[in-house]
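Results of the structural survey
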Amino acid sequence: MSKISYYTAEGLKKLKDELEQLKSVERPRASQAIADARDKGDLSENAEYDAAKEAQGLLELKIAKVEEVVANARLIDESQLDTSKALVLSKVKIKNQANGMEITYTLVAESEADLKAGKISVTSPIGRGLLGKSVGDVAEIQVPNGTMKFELLEISRD
């Protein structure tokens, strides 16, 4: 059974662009490498040919995996999301109650998580703890070194 993944329009476009890159650039490059290695003579003792064939096999496997992800991808309709609760695509401002530090994150699907860009996965401990919470709620989140408490200060959509 295939796993359905939810994507923003930006995330799905990025995935489709990657697939196009693999098919239109990487696949011909792999075929050319095999052809170049084949031209060098005896295939039974040609390590370059074997390596090129193996690389092509790995590339085809990657293409198949990305195609499956694209086929099972679902686009999130942002207009249907409730802004009173923290959900996927919510931009949340939280306050760590232990040190008073305020942080803003965007909750995204696991495949689009990028901590440097302020995007955390809804399957991460913090993301999971914030889901369904409203402004003013305190989320108690289990992390490896204990329990952290975050107060939800603000929810918005961008």
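Values in this document were obtained by computation on a predicted structure and should not be read as measured data.

1. Focus on the UniProt feature "domain: Transcription elongation factor GreA/GreB N-terminal" (unreviewed entry) in the protein chain
UniProt feature "domain: Transcription elongation factor GreA/GreB N-terminal" (unreviewed entry): in the numbering of this structure it lies at residues 6–74. A distance of 5 Å separates the end C-alpha atoms of residues 6–74, which is 80% helix and 6% strand.

2. Focus on the domain arrangement of the protein chain
Quoted interface sizes are often the accessible area lost when the parts come together. The domain boundaries assigned to the protein chain delineate domain 1 (5–75) and domain 2 (78–156). A straight line from the C-alpha centre of domain 1 to that of domain 2 covers 36 Å. Of the residues lining the interface, 5 residues belong to domain 1; the matching set on domain 2 comes to 5 residues. Both faces considered, domain 1 and domain 2 share a buried interface measuring about 410 Å² in area, 48% of it formed by carbon and sulfur atoms. Its largest share of buried area at the contact with domain 2, domain 1 owes to Tyr6, Tyr7 and Thr8, together 76% of the area lost on that side. Counting the contacts that link domain 1 with domain 2 gives 0 salt bridges.

3. Here's the deal with the sheet that holds strand β6 (residues 138–143)
Judged by pairing direction, the sheet is mixed, and its 5 strands sit side by side in the order β5-β4-β3-β7-β6 without closing on themselves. Two strands bound the open sheet, and with one partner strand each, they are β5 (119–121) and β6. Here the average twist between neighbouring strands, direction ignored, is 45 degrees. Bridge count between strand β3 (residues 91–96) and strand β4 (residues 102–108): 5 bridges; the pairing is antiparallel.

4. A look at the layout of surface pockets
By rolling a water-sized probe across the atoms, one finds the places where empty space is left. Considering only enclosed or pocket space, the largest pocket measures out at about 290 Å³ in volume. Lining the largest pocket are 12 residues, with Ile4, Ser5, Tyr6, Ala109 and Glu110 sitting closest to its centre. The residue inventory of the lining of the largest pocket, partitioned by class, reads 7 nonpolar, 3 polar and 2 charged. Estimated volume of the second largest pocket: approximately 250 Å³. Taken together, 14 residues make up the lining of the second largest pocket; nearest its centre are Gly11, Lys14, Ser111, Glu112 and Ala113. Considering only residue class, the lining of the second largest pocket consists of 5 nonpolar, 3 polar and 6 charged.

5. A few points about the pattern of salt bridges
Summed over all chains, the structure comprises 7 salt bridges. Between Lys23 and Glu67 there is a salt bridge, and its shortest N-O distance comes to 2.7 Å. Placement of the pair is Lys23 in helix α1 (residues 9–38) and Glu67 in helix α2 (residues 47–71), with a sequence separation of 44 residues. Among the salt bridges present, the one from Arg29 reaches Glu26, with a minimum N-O distance of 3.3 Å.

6. As for the UniProt feature "domain: Transcription elongation factor GreA/GreB C-terminal" (unreviewed entry) in the protein chain
Here the UniProt feature "domain: Transcription elongation factor GreA/GreB C-terminal" (unreviewed entry) sits at residues 86–156. Across residues 86–156, the secondary structure splits into 8% helix and 46% strand, with the terminal C-alpha atoms separated by 9 Å.

7. Section: the nonpolar core
Ala86, Val92, Ile94, Tyr105, Leu107, Leu130 and Leu152 are the most contacted members of the largest nonpolar core, which totals 15 residues. Among the secondary structure elements, those contributing two or more residues to this core are β3, β4, β6 and β7 (146–156). In this view, Val92 contacts Ala86, Ile103, Thr104, Tyr105, Leu107, Leu130, Leu152, Glu154 and Ile155; residues no more than four positions away in its chain are not counted. Formed by 11 residues, the second largest nonpolar core is a distinct cluster that contains Tyr7, Leu15, Leu22 and Leu59.

Calculation notes
- Residues numbered from 1 in each chain as written.
- Predicted model: local features only at pLDDT ≥ 70, side-chain atom pairs only at ≥ 80, totals over all residues.
- Heavy atoms only, no water.
- UniProt positions renumbered as here; feature names shortened; annotations may be inferred.
- Helix = DSSP H or I, 4+ residues; strand = E, 2+ residues; numbered from the N terminus.
- Domains from an automatic or database assignment.
- Contact = heavy atoms within 4.5 Å.
- Buried area = accessible area lost by both parts, 1.4 Å probe.
- Salt bridge = Lys/Arg side-chain N within 4 Å of Asp/Glu carboxyl O.
- Pairing = 2+ DSSP bridges.
- Axes fitted to C-alpha atoms, helices over the stretch in contact; angles between N-to-C directions.
- 1 Å grid on protein atoms, 1.4 Å probe; cavity = no way out; pocket = protein on both sides within 12 Å on 5 of 7 lines; lining within 4 Å.
- Points joined across faces, edges and corners; volume = space filled by probe spheres on them.
- Nonpolar A, V, L, I, M, F, W, Y, C, P; charged D, E, K, R; others polar.
- Core = buried A, V, L, I, M, F, W, Y, C linked by side-chain atoms within 4.5 Å.
- Buried < 20%, exposed > 50% of the residue type's maximum accessible area, 1.4 Å probe, protein only.

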